[in-house]
Amino acid sequence: MQFIDYLIIGIYLAAMLAIGISHLKKASDGVRSYFLGNNRIPWWITAMSSSMSSIDITGTMINVSILYFMGVRSFYYNIWMIGGVALMCHLGRWIRRSNVVTAAEWMSFRFGEGWAGELPRLTIAIVSIGSLIGYVTYAYVGVGKFISEFMPMLSADPELNTKLWGVLVIGFTALYAMLGGLFSVAYTDLIQTFILFFTAVYISILAFMTVGPDFIANSTPPGWDTIRPTATIDYLSDVALEGYPKGAFALFWPWFMMWGFQALLSFFSGPGMGSGMQFMLSTKCARDTCKQGAGVELLTFPRWTLVVGLALLALATPQIDINDTDMVLPQMINLMLPVGLKGLVLVGFLAAFMSTFSISINNGTSYVIRDIYIRHFRPDASRREFLTITYISSLLFVIAGIMLGMSMTGLFELGIWVFWMLGGSMLVPLVLRWYWWRFNGWGFSFGLMAAFLMAVGQKVVQTNWGYVMPDYTFYFLMLGVSLVVAVTVALLTPPAGEQTLREFYSRTQPWGFWGPVHKQVMAASPGWCKEKMLKLDIFNCIVGAIGLFSLNMAPIYFMLHDWAMFTKLIIMFALAAGIMYRSWY
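In this numbering scheme, every chain counts its residues from 1 along its sequence in written order. In view of the model being predicted, local features appear only for residues whose pLDDT reaches at least 70, and side-chain atom pairs are presented and counted only at 80 or more, with totals across whole chains, interfaces and linings using the full set of residues. Side-chain calculation: all heavy atoms of the structure are included, whereas hydrogens and water are not.

S.K.: Give me the overall build of the protein: which residues, what numbers.
M.R.: A count of helical and extended segments in the protein gives 25 helices and zero strands. When each of the 585 residues of the protein is scored for burial, the buried share is 60%. Whether two residues are in contact is decided by their heavy atoms, any of which lying within 4.5 Å being enough. Here the contacts in the protein between residues at least 6 apart in sequence split such that 82% fall between residues at least 24 apart. By the criteria applied, helices consist of DSSP H or I runs no shorter than four residues and strands consist of E runs no shorter than two, each listed in order from the N terminus. Three labels apply to residues, based on accessible area from a 1.4 Å probe with only protein chains included: buried if under 20% of the type maximum, exposed if over 50%, partly exposed otherwise in between.

S.K.: Can you tell me about helix H14 (residues 301-315), naming the residues and giving the values?
M.R.: The span expected for a helix works out to 1.5 Å for each residue beyond the first. Between its first and last C-alpha atoms H14 spans 22 Å; for 15 residues at 1.5 Å apiece the expected length is 21 Å, and the two agree. Across the 15 residues that make up H14, a large majority, 14, are buried.

S.K.: Kindly report on the packing of helix H19 (residues 427-435) against helix H21 (residues 471-492), identifying the contributing residues and their values.
M.R.: For helices, the fitted axis covers only the stretch in contact; all axes are lines through C-alpha atoms, and the angles between them, taken along N-to-C directions, range from 0 to 180 degrees. The interhelical angle for the contact between H19 and H21, taken along N-to-C directions, is 40°, at an axis separation of 8 Å. With respect to H21, the element H19 is oriented oblique. Here Leu427, Val428, Pro429 and Leu432 of H19 lie close against H21, whose contacting residues are Tyr475, Leu479, Ser482, Leu483, Ala486 and Val487. Residue type decides the class: Asp, Glu, Lys and Arg count as charged, Ala, Val, Leu, Ile, Met, Phe, Trp, Tyr, Cys and Pro as nonpolar, and the leftover types, Gly among them, as polar. Its residues assigned to classes, the contact of H19 with H21 shows nine nonpolar, one polar and no charged. Geometric relationships in this document are graded by angle, where less than 35 degrees denotes roughly parallel, more than 145 denotes roughly antiparallel, 65 to 115 denotes roughly perpendicular, and other angles denote oblique.

S.K.: Describe a nonpolar patch on the surface, with residues and values.
M.R.: Residues Phe194, Phe197, Phe198, Val201, Ile205, Met209 and Phe301 make up a contiguous nonpolar surface patch of about 700 Å² in total accessible area. Here the element with the most residues in the nonpolar patch is helix H9 (residues 158-210); it accounts for six residues. Structurally, Phe198 is set in helix H9. Grouping into patches uses exposed residues only, defined as over 30% relative accessible area, and leaves out salt-bridged ones; the cut-off is 9 Å for like charges and 5 Å for nonpolar side chains (Val, Leu, Ile, Met, Phe, Trp, Tyr). In short, Shrake-Rupley with a 1.4 Å probe defines the accessible areas, and a residue's cover is counted only from the protein chains shown. Salt bridges are defined as contacts in which a side-chain nitrogen from Lys or Arg sits within 4 Å of a carboxyl oxygen from Asp or Glu.

S.K.: Requested: an account of the environment of Ile62, with residues and values cited.
M.R.: The residue Ile62 is located in helix H5 (residues 57-70) in this model. Judged by relative accessible area, which is 1%, Ile62 ranks as buried. Apart from residues lying up to four places away in sequence, Ile62 is in contact with Tyr77, Tyr138, Leu411, Phe412 and Gly415.

S.K.: Lay out the packing of aromatic side chains in plain terms, naming residues and giving numbers.
M.R.: Each Phe, Tyr or Trp ring (for Trp, its six-membered ring) is paired with any other whose centre lies within 6.5 Å, and the angle between the two planes then decides the class: stacked below 30 degrees, edge-to-face above 60, tilted in between. Tallied over the entire structure, the rule returns 38 aromatic pairs. Taking 5.9 Å as the distance between ring centres and 85° as the angle between the ring planes, the aromatic pair formed by Tyr244 and Trp255 counts as edge-to-face. Taken together, the residues span a long stretch of sequence, with Tyr244 in the loop between helix H10 (213-219) and helix H11 (253-269) and Trp255 in helix H11 at a distance of eleven residues. Taken together through their ring pairs, the aromatic side chains of Trp94, Phe109, Phe267, Phe268, Trp434, Tyr435, Phe504, Tyr505, Trp511, Trp514 and Trp528 make up a single cluster. Note on geometry: a ring has a charge over it if NZ (lysine) or CZ (arginine) is within 6 Å of the ring centre and within 35 degrees of the ring normal. Across the ring face of Phe504, the terminal group of Arg110 is positioned such that the distance to the ring centre comes to 5.2 Å.

S.K.: With reference to specific residues and values, describe the nonpolar core.
M.R.: Note that soluble globular proteins tend to have their nonpolar side chains buried in a common cluster. Only buried residues count toward a nonpolar core, which is a set of Ala, Val, Leu, Ile, Met, Phe, Trp, Tyr and Cys residues joined through side-chain atoms within 4.5 Å. Core analysis: the biggest nonpolar cluster contains 162 residues, and Phe146, Phe249, Trp259 and Phe357 have the highest contact counts within it. In terms of residue count, the dominant contributor to this core is helix H8 (residues 115-147) (14 residues).

S.K.: Describe in detail empty space enclosed by the protein, supporting the description with residues and values.
M.R.: Buried and open spaces are told apart on a 1 Å grid over the protein atoms alone, a cavity being a set of points where a 1.4 Å probe fits but cannot get out and a pocket being an open set with protein on both sides within 12 Å along at least five of seven lines. Residues with an atom within 4 Å of a point are the lining residues. Grid points are joined across faces, edges and corners, and a volume is the space filled by probe spheres set on the points. For the coordinates displayed, the defined rule picks out three cavities of 30 Å³ or more. Of the voids in this model, the second largest cavity is the one considered here, and its volume is about 80 Å³. Lining the second largest cavity are Asn63, Ile66, Leu67, Val72, Ser74, Phe75, Asn78, Trp304, Val307, Val308 and Ile556. When contributions to the lining of the second largest cavity are tallied by element, the ones reaching two or more residues are H5 and H14.

S.K.: Could you give an account of the side chain of Ser393, with specific residues and numbers?
M.R.: Relative to the helices and strands, Ser393 is located in helix H17 (residues 383-405). For Ser393, a relative accessible area of 7% translates into the label buried. Excluding residues that lie within four positions of it along the chain, Ser393 makes contacts with Thr365 and Val368.

S.K.: Describe the pattern of salt bridges, with residues and values.
M.R.: Enumeration over the complete set of coordinates arrives at four salt bridges. Close ionic contact of Asp537 with Arg93 constitutes a salt bridge, the shortest N to O distance being 2.6 Å. You can see Asp537 sitting in helix H24 (residues 534-559) and its partner Arg93 sitting in helix H6 (residues 85-96), a full 444 residues away along the chain. Assessed through its relative accessible area of 1%, Asp537 is described here as buried.

S.K.: Go over the packing of H14 against H24, please, and point to the residues and values.
M.R.: At their nearest, the axes of H14 and H24 sit 8 Å apart, and the two run at 30° to each other. For the element pair H14 / H24, the angle class is roughly parallel. The two elements H14 and H24 cross, and the hand of that crossing is right-handed. Touching Phe301, Trp304, Thr305, Val308, Gly309 and Leu312 of H14 are Leu551, Asn552, Pro555, Ile556 and Met559, all from H24. Here the residues of the contact of H14 with H24 sort into eight nonpolar, three polar and no charged. Less than a right angle of anticlockwise turn of the near helix away from the far helix marks a crossing as left-handed, whereas a clockwise turn marks it as right-handed.

S.K.: Give a description of the environment of Gly364 that names residues and reports values.
M.R.: Along the chain, Gly364 turns up in helix H16 (residues 341-377). The class for Gly364 is buried, based on a relative accessible area of 1%. For the pair Gly364 and Thr390, spaced 26 residues apart in sequence, the C-alpha separation works out to 9.6 Å. For Gly364, the contacting residues outside a window of four places in its chain are Ile129, Leu132 and Phe397.

S.K.: Give me the lowdown on unusual backbone geometry, citing residues and values where you can.
M.R.: One non-glycine residue, Gln509, lies in the positive phi region at around 60°. In this structure, Gln509 sits in the loop between helix H22 (498-508) and helix H23 (515-524). Even without being glycine, His561 reaches a positive phi, approximately 65°. Turning to its location among the elements, His561 is positioned in the loop between H24 and helix H25 (563-583).

S.K.: Go over the layout of surface pockets with me, naming the residues and quoting the values.
M.R.: Here the largest pocket is characterised by a volume of approximately 300 Å³. Surrounding the largest pocket, 17 residues form its lining, Met88, Leu298, Phe573, Ala577 and Met580 being those nearest its centre. Taken together, the elements giving at least two residues each to the lining of the largest pocket come down to H6, helix H13 (286-298), H24 and H25. Looking at the lining of the largest pocket residue by residue, the class counts come to 14 nonpolar, two polar and one charged.

Quick look at the structure:
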């Protein structure tokens, strides 16, 4: 790197810190201001911020690496995002109607007061904090590996140098996120969206002009460019992705089943916690929440042109050392990009990382403040006190994640654990809460904790004894245990109170098995009428899923110069968009 590259990065970091400081006063107005921006941030800004929060350095490193080795079928690693269509069709308006501040507070709205409502609220707060620490670990390992490839050596020991740079970047990002709350996160994300967009455009044009169809065909094994899921991927039999034994992904169908099943559950569960829930609660009204959900999904497509462009450039860079499969992306940038542009591209990736990390910190501290500290210890806490505890808890999360990350190096394996094991551990209770009136807070808490503890236990086993059980086997075992525990405990304990169920059902108006509650609501309010949206919502979800899949796959085949497939996907997206305009918008 040259002076001009460092100057570009320095100017960007100074601008981000200035925005955080400028929003300090607004964020300190109160809890709702700090965590939800007083519900005054426009939906299109939160849509940009939320879409940015799905793109980060660590995730991009993983996607580039698995596309480089696995081919286009690696897209199924990210197929969970199709579930986001439900947020624009129905789950978005259900969530926003609650008018709460955090996902944990939503538990009291669904399950009532007393321990039957307090326990799930406390459980999801604790699980959210644990998941945040897991994410900090994942982010720390990834950003340390990435940034140390370009920056001056802080230590002669390469491993220690990676860790030191990870600490510096994580610490700076946490600082500006703490200062301005959701205001600074959303508005810096607006800037970062444009930076990442131009980064994606530049990389895509460079790759498209550099790598032609003949080169792709000659440099990749047969079947590398197909999206059709197959039982096996033979050319992976000799590949050992970081953290996994050789040939772990050659048997492809069980991985496809795991990733696809999680997408299906995500379709019905909605966000239980994390930045998605927080952004949805921050909109002005339920319709804006649905529009935000659509905006998030539509703005994700540059991610795939970026990932494919980077993978193609990596194929054209023979100097890349593939012994560490996580390092394909940073090596390619360091070897391929000229002075000045290298700094701009690094700013783009730093923008993606800082966006994702900052909203995660903001979201995690909301549970500490709103659902633990204020609710159980200091309900009359002053503004200064709540901000002080916010800063302290953010710092502790960062320290805990970094300490955990000190002993981990395999980025892909860590990503699967964070998003598919920790993330998957929550899905069964999150689905049941919407569609079954008899499901109560006890079943939710015990089902969630059973799966979460299993996910944590799996990481302990893998860290100490290695890869003893395939992830997909453990995943379905974990979901089965969660389902049995959740349903059994719910049936052995009393349902939520009648008033709580009537209030939830009449305000949210969900689908599913709510017959007894519907009768109670009609008896209490004969003039009440439930919205008849079930068939239309399901229709829009199916059409939207087809459209979203086509939108995200079309740029991939554009970059691969496969014009026949690209044309088919564009036609499918255009038809789906036209239908959705009439039936949804």
